[in-house]
Amino acid sequence: MSKKIISLLLVAMMVMAMFAGCSKPAAEPATEPAAEPAAEATTEDATAEEAPAEDTAKVDMVMGMITDTGGLGDQSFNDSGWMGLERLEAEYGIERKVLESESADDYGPNLTSFAEAEVDIVYGVGFLFNESMAAAAAQFPNQKFAIIDSVVEADNVASITFAENEGSFLVGVIAGMTTETNKVGFIGGMKFPLIEKFEYGFKAGVKAANPDAEVISNYADSFEDAAKGKEIATVQHQQGADVIFHAAGGVGIGLIQAAEEQGFWAIGVDQDQSHISPERVLCSMIKRVDEGVYQVGQSVIDGNFEGGVHLFSIANEGVGYSDNAGNLTEEQVAAAEKWKAAIATGAFVVPQTEAEFNAFEVPEI
Amino acid sequence: MLVIFIAIIASALRLATPLIFAALGSVFTERSGVVNIALEGIMIMGAFFAILAMEFVSNPWIAVLVAMIVGAITALLLGFLAINLKANQVVAGTAINILAGSLTAFLLEMVWHRSGQTDTVANALTKNPETLAFLEKIPVLGSLFSGLTPFVYLAIIFSGVSYYVMYKTPFGLRIRAVGEHPRAADTVGVNVYRVRHICVLISGALAGLAGASLSLGTVNMFREGMVSGKGFIAIAAAIFGKWHPLGAFAACLFFGLTEAIQIQAASLGLGWIPSEFLQMLPYIATVLALAGLVGRAVAPAASGEPYEKGHR
């Protein structure tokens, strides 16, 4: 008797927990969680915001975005992608929808449910979508897809990739100029090619600005474990690093916390992270996922959507650096802008692998 | 070299602290015959509610207390399911883990109107407490103490207290009896259900404390996913420590030490060892311990078995 009650109770609990995760996407989060980033976006895009509404005809399109396990509110690329759709909504009046993935098992079903709803384009945020999107693209050949940070070779998939090495190069230049101990640190999430682009781009930037500086590099083997991030940052600081850059998601929160307590500079990643600690976040390397989402969305609206790789680099404002807290000196900004211009014109190629970094010689600019 | 050595010890202690609390909790429940898979979820609850409490009170220790109480309440749910209703303990624990992750994500959105992470809180417990500032003046070792948080001292004290309770008090004897042979304990008048309930509550409070040591004692904020499997690692540590409070303490230190060495690998001249290898070391050790190669690890006989009164 009691066994039945238990099993019923447990089943009910599991189901509830599942719903707490999966049902969220439906409709309301469309407005709610975006409230915060939206506020930031409006200040930036104030001019863009004013124009649209009345004079542009509303485009009757629905664009769907599927987050990775980080979900909306990660203050990183999921939020950034959502901001890109928000701009499309503001400027063209499209309807945007989101599905949040609780685990990697949700990618496939989420892609399928958007494809079956026949939305105009489905964005998968994150390279983890690679396999499930390749499968979905084959299953729904008439559905337009876009994937962030990865390449899926199919005619109906736009692969939005970024030149992280170029943005990291710029913050590397700034770090090289800022360090007084001639030691800077790098904390990566996990060691695979995408994160190595950050590492070697950064190292090249440091080398360009300060050939004597040494870069201490560690990987946390996690994108979540903030405590470990703090520990690594503490160790790097003890080894003499006074500017530390991270490409490690939630692990970086630990870095910024350590910087605040122990008094050294942290460099944020993906979005401007100075709001976490305005005094201790020197600047942030910016990866404009919103720009990528926006431009591909625009091509869908204009009817000239193309599959294949869409690279967002310094040249098309896809990556860069930001300093919302105003910690950079004029000299540092001038140097960063100088290198930025050189990269944009293609004067030299920023390394993105260890081999390329070893072969890298700082060009005369 | 000495400086690096001290830095590694400090790192190991800090990294081990949350594990120690949770592992002690695991020792208490398993010794009484309940497997607490929900430690991970309870840690998430503790981490979240410690930060939430800081919205209302200014004293961080009250927030720590709140985390422990919330942890105990969450554990009460497990106790009710596993002890009174005799549910499968692993399934009940797993359900609580899923519930905790979703519930905190939901509350985070309610309170801070965004998901992902909370704001940072002021006056957290991330520094060496002022009352112990004199320790920093000790030559050489001073730099070790300056890097410790109050939670590290608490973890050491709690390990000692747990050992004392478990092996030197009548109550501890009852816990072990109930975990080994509940019917025999029942026959001599020990209230099996009550002992198990108390142990589950203790483990909940300890896991809540473990969560608080992560959020309030490390990064001053709560972020989804920040517990990142530490509750499960703590269970492994309890096994590796042979379900003994001091053994679990040592196992957690060992786990912390391998992680600290992994971070310092380059400066120790161990950069050639893949970090993944160092990372899997503790788990290999745990598997070996279970397989009986590093001294036999024998689980409490009735661990995981619901006790049915009067059932033959």
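Quick notes on the rules
- Residues numbered from 1 in each chain as written.
- Chains lettered and ligands numbered in written order.
- Predicted model: local features only at pLDDT ≥ 70, side-chain atom pairs only at ≥ 80, totals over all residues.
- Helix = DSSP H or I, 4+ residues; strand = E, 2+ residues; numbered from the N terminus.
- Rg over C-alpha atoms; globule rule 2.2 N^0.38 Å.
- Buried ≥ 20, exposed ≤ 12 C-beta atoms within 10 Å, placed from the backbone.
- Contact = placed C-beta atoms within 7 Å.
- Core = buried A, V, L, I, M, F, W, Y, C linked by C-beta atoms within 7 Å.
- Domains from an automatic or database assignment.
- Expected span 1.5 Å × (residues − 1).
- Pairing = 2+ DSSP bridges.
- Axes fitted to C-alpha atoms, helices over the stretch in contact; angles between N-to-C directions.
- pLDDT = per-residue confidence, 0-100.
- Right-handed = clockwise from strand over helix to strand, strands pointing away.
- Arc of directions from axis to C-beta.

Asks: What is the right way to read the overall build of chain B from this model?
Replies: Along its length, chain B carries 12 helices and 0 strands. Reading the secondary structure of chain B in the N-to-C direction produces α-α-α-α-α-α-α-α-α-α-α-α. In summary, chain B has a C-alpha radius of gyration of 20 Å against a globular reference of 20 Å for 312 residues, a match within 12%. When its C-alpha atoms are laid out on the principal axes, chain B stretches across 60 × 50 × 40 Å. Within the span of chain B, comprising 312 residues, buried residues form 54% of the whole. Contacts spanning at least 24 positions in sequence make up 76% of the contacts within chain B whose residues lie at least 6 apart.

Asks: What is the right way to read the overall build of chain A from this model?
Replies: In terms of helices and strands, chain A carries 14 helices and 12 strands. Taken across its 365 residues, chain A has 54% of its residues classed as buried. The contacts of chain A with a sequence gap of at least 6 include a subset with a gap of at least 24, amounting to 69%.

Asks: I would appreciate a short explanation of the interface of chain B and chain A in the present structure.
Replies: Size of an interface: often given as the accessible area lost when the parts come together. At the interface, 37 residues of chain B touch 37 residues of chain A. Contributing elements (two or more residues each) for the side of chain B that touches chain A: helix 1 (2-32), helix 4 (89-112), helix 9 (192-219), helix 11 (245-264) and helix 12 (275-290) of chain B. Of the residues forming the side of chain B that touches chain A, the biggest block, 8 residues, is contributed by helix 4 of chain B.

Asks: Would you mind showing me how to read the nonpolar core here?
Replies: As a rule of thumb, soluble globular proteins bury nonpolar side chains together. Counting 195 residues, the largest nonpolar core has A:I244, A:I267, B:A23, B:A50, B:A237 and B:C252 as its most contacted members. At 15 residues, the largest contribution of residues to this core is made by helix 9 of chain B. Both domain 1 (2-162 + 289-312) and domain 2 (164-287 + 329-358) of chain A contribute no fewer than three residues apiece to this core.

Asks: Even after reading the chapter, I still don't get the environment of A:V59, so can you show me in this structure?
Replies: Residue and element names in this part refer to chain A. Its location among the elements puts V59 in the loop between helix 4 (52-55) and strand 1 (62-66). Sequence separation between V59 and E95 is 36 residues, and the spatial gap between their C-alpha atoms is 8.6 Å. When sequence neighbours within four positions are dropped, the list of residues in contact with V59 reads Y92, G93, I94 and I301.

Asks: Explain helix 4 of chain B here, please?
Replies: Residues that lie three or four places apart on an α-helix share one face, since the helix turns once every 3.6 residues. Helix length check: helix 4 of chain B, at 24 residues, gives a terminal C-alpha distance of 34 Å against a target of 34 Å (1.5 Å per residue), a fit within 8%. Positioned one or two residues after helix 4 of chain B, B:H113 has a phi angle of 55°, which is positive.

Asks: It is not clear to me how unusual backbone geometry should be interpreted in this structure. Could you clarify?
Replies: Comment: phi is negative for the bulk of residues other than glycine, and the bulk of peptide bonds are trans. For A:E317, which is not a glycine, the phi torsion comes out positive at approximately 65°. Following the sequence through the fold, A:E317 ends up in the loop between strand 11 (308-312) and strand 12 (319-322). Look at B:S228: it is not a glycine, yet its phi comes out positive at around 35°. By the secondary structure assignment, B:S228 is in the loop between helix 9 and helix 10 (230-240).

Asks: Would you mind showing me how to read the sheet that holds strand 11 of chain A here?
Replies: Sheet strands line up and pair through hydrogen bonds in the backbone, either parallel or antiparallel. All names here are of chain A. The strand order across the open sheet built from 6 strands is 2-1-3-4-5-11, with neighbouring strands paired in parallel fashion. Only two strands of the sheet have a single neighbouring strand rather than two, namely strand 2 (95-99) and strand 11. In this sheet, neighbouring strand axes are inclined to one another by 20° on average, regardless of whether the strands run parallel or antiparallel. Both strand 3 (residues 121-124) and strand 4 (residues 145-148) contribute to a ladder of 3 bridges, which runs parallel. Opposite V122, over in strand 4, you have F145 as the bridge partner. Along the sheet, helix 5 (residues 77-92) makes contact with strand 1, strand 2, strand 3 and strand 4, crossing strand 1 at roughly 175°. Each of strand 1, strand 3, strand 4, strand 5 (157-162) and strand 11 touches helix 12 (residues 289-302); the most contacted strand, strand 11, lies at about 135° to it.

Asks: Explain the confidence of the model for chain B to me, please; I cannot follow it from the model alone.
Replies: Detailed conclusions should not be drawn from predicted coordinates in areas where pLDDT is low. This prediction gives chain B a mean pLDDT of 90; 97% of its residues lie at or above 70. Overall fold confidence (pTM) sits at 0.83, and the ipTM for the predicted complex is 0.89.

Asks: How should I be thinking about the pairing of strand 4 of chain A in this particular structure?
Replies: On a regular strand, each side chain points to the face opposite its neighbour's, so the side chains alternate between the two faces of the sheet. Residues and elements named next belong to chain A. Residues of strand 4 alternate between two faces, with F145 and I147 on one and A146 and I148 on the opposite face, all of them buried. What joins strand 3 to strand 4 is helix 7 (residues 130-139), and the crossover it makes is right-handed. As judged from the 4 bridges shared by strand 4 and strand 5, these two strands associate in the parallel manner. Across the sheet, residue A146 finds its bridge partner in strand 5, namely A158.

Asks: Is there a simple way to think about the confidence of the model for chain A in this case?
Replies: For chain A, per-residue confidence averages 86 on the pLDDT scale, and 86% of positions sit at 70 or higher. Predicted confidence is poor over residues 21-55 of chain A, with pLDDT under 50, and the contacts of this stretch with residues over four places away or in other chains come to 38 contacts.

Asks: Sorry if this is basic, but what is going on with the environment of A:E89 here?
Replies: Residues and elements named next belong to chain A. Structurally, E89 is set in helix 5. Distance in space between the C-alpha atoms of E89 and K58 is 9.2 Å, their sequence separation being 31 residues. Ignoring sequence-local partners within four residues, the contact set of E89 consists of I94 and R96.

Asks: Would you mind going over helix 7 of chain A with me for this structure?
Replies: All names here are of chain A. For helix 7, the complete set of buried residues consists of S132, M133, A136 and A137. With its buried residues spanning 135° around the axis, helix 7 presents them on a single face. Of the exposed residues in helix 7, those oriented more than 90 degrees away from the buried face are A138 and Q139. As for helix 7, its buried residues are in contact with helix 6 (107-116), strand 3, strand 4 and strand 5.

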